[in-house]
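As a plain string of letters, each chain reads:
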Amino acid sequence: MKTIKSVAINDLSAGVTGQLDAETPLLRVQDLRRDYPLPRTRLLGPRPQVQALRGVSLDIHAGRSLGVVGESGSGKSTLARLVMALDTPSAGSVQLLGRDLHRLPARDLRAARRDLQMVFQDPYGSLDPRQTVQTIVTEPLQALANATKAEVRERAAEVLAQVGLRTGDAHKYAHEFSGGQRQRIAIARALITRPRLIVADEPVSALDVSVQAQVLNLLQDLQERHGMSYLLISHDLAVVQQLCDQVLVLHQGRVVERGAPQDLFSRPEHPYTQALLAAVPRLDAL
């Protein structure tokens, strides 16, 4: 995978073009915390809290991918929601292109979403069954940019072709496609605004193994062509190893280990990472 030295960026508030140098991260998460209140155990007692994230920090540079692994309840999906500004952190910051998403006014946050899109786990549940593919795919573009109908149709045809679908598929509905094709539709929707970062929360876990490979190859190809970055949330270590340059291991809301996948998976240092790797089924152990 090629390293991108510098990438042109848009100042969303001023509308001017600048440069993001190789040393400046595209995404910077600093000391991110999220506490959720629980029901009171006593009428007049304090409300207990569960700490979903406990001081998580990470960087993602342009054109690179970071995988986040951990068991269910480790805080992976909470991290994804906070990076997408779909939830509010209890403390810490999420900076995209140097701007704290959680401190932006609503109008500026709406504009910032041009550079930040998400692919969800369930390729069918994330698509409105009452809408055509054309409407589904172009919804982010219509919500974020002032484009003519002709421009919208042209962009839709472009992204559908990029994910291996035909122009005629734009007039069909989600139920007319296979699981892998539905996930391609979801990826096309994420690509429509030409984002710099895509947050993918278990993007292939609901797919058959053969279809998983097709979608992962598609994500790799799109990254090489467009220089986009991925934050990949997954419990599948093989998926992370194929797509990501760096891996971060979450356990009970804390980062317990991080590093290049080939190093971390071959020589894990933390007992939790060792346990994760030991739990992966192996043919020679059957």
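Structure's up top.
Fair warning: this is a prediction, and the values are worked out from it, not measured in the lab. (Residues numbered from 1 in each chain as written. Predicted model: local features only at pLDDT ≥ 70, side-chain atom pairs only at ≥ 80, totals over all residues. Heavy atoms only, no water.)

Colleague: What am I meant to see in the nonpolar core here?
Modeller: Nonpolar side chains in soluble globular proteins tend to end up buried together. Judged by nonpolar contacts, the single largest core of 45 residues is most densely connected at Val-137, Ile-185, Ile-187 and Leu-191. Contact partners of Leu-191, with chain neighbours within four places excluded, come to Val-159, Gln-162, Val-163, Ile-198, Leu-222 and Met-228. Ranked by size, the runner-up nonpolar core spans 31 residues in total, among them Leu-26, Val-68, Val-83 and Leu-250. (Core = buried A, V, L, I, M, F, W, Y, C linked by side-chain atoms within 4.5 Å. Buried < 20%, exposed > 50% of the residue type's maximum accessible area, 1.4 Å probe, protein only. Contact = heavy atoms within 4.5 Å.)

Colleague: Looking at this structure, I do not really get the sheet that holds strand β4 (residues 49-60). What am I missing?
Modeller: Through backbone hydrogen bonds, the strands of a sheet pair up, either in parallel or in antiparallel fashion. Across the sheet, four strands lie side by side as β4-β3-β6-β7; this open sheet has antiparallel pairing. Every other strand in the sheet has two partners, leaving β4 and β7 (99-100) as the edge strands with one partner each. Relative to β7, strand β6 (residues 91-96) runs antiparallel, the two sharing two bridges. Looking across to β7, one finds that Leu-96 is bridged to Arg-99. Packed onto the sheet, helix α1 (residues 76-83) meets β3 (27-37), β4 and β6 and runs at close to 115 degrees relative to β3. (Pairing = 2+ DSSP bridges. Helix = DSSP H or I, 4+ residues; strand = E, 2+ residues; numbered from the N terminus. Axes fitted to C-alpha atoms, helices over the stretch in contact; angles between N-to-C directions.)

Colleague: How should the sheet that holds strand β10 (residues 229-233) be read in this particular structure?
Modeller: On the basis of which strands lie adjacent, the open sheet formed by six strands has the order β8-β9-β10-β5-β11-β12 and mixed pairing. With partners counted over all chains shown, the strands left at the sheet margins are β8 (116-119) and β12 (254-259), one partner each. Going across the sheet, the axis of each strand differs from the next one's by a mean of 20 degrees, ignoring polarity. With five bridges joining them, strand β11 (residues 246-251) and β12 adopt antiparallel strand pairing. Residue Val-249 lies in a different strand from β12, and its bridge partner there is Glu-257. Packed on one face of the sheet, α1 meets β5 (65-69), β8, β9 (197-201), β10 and β11 and runs near 145 degrees to β10.

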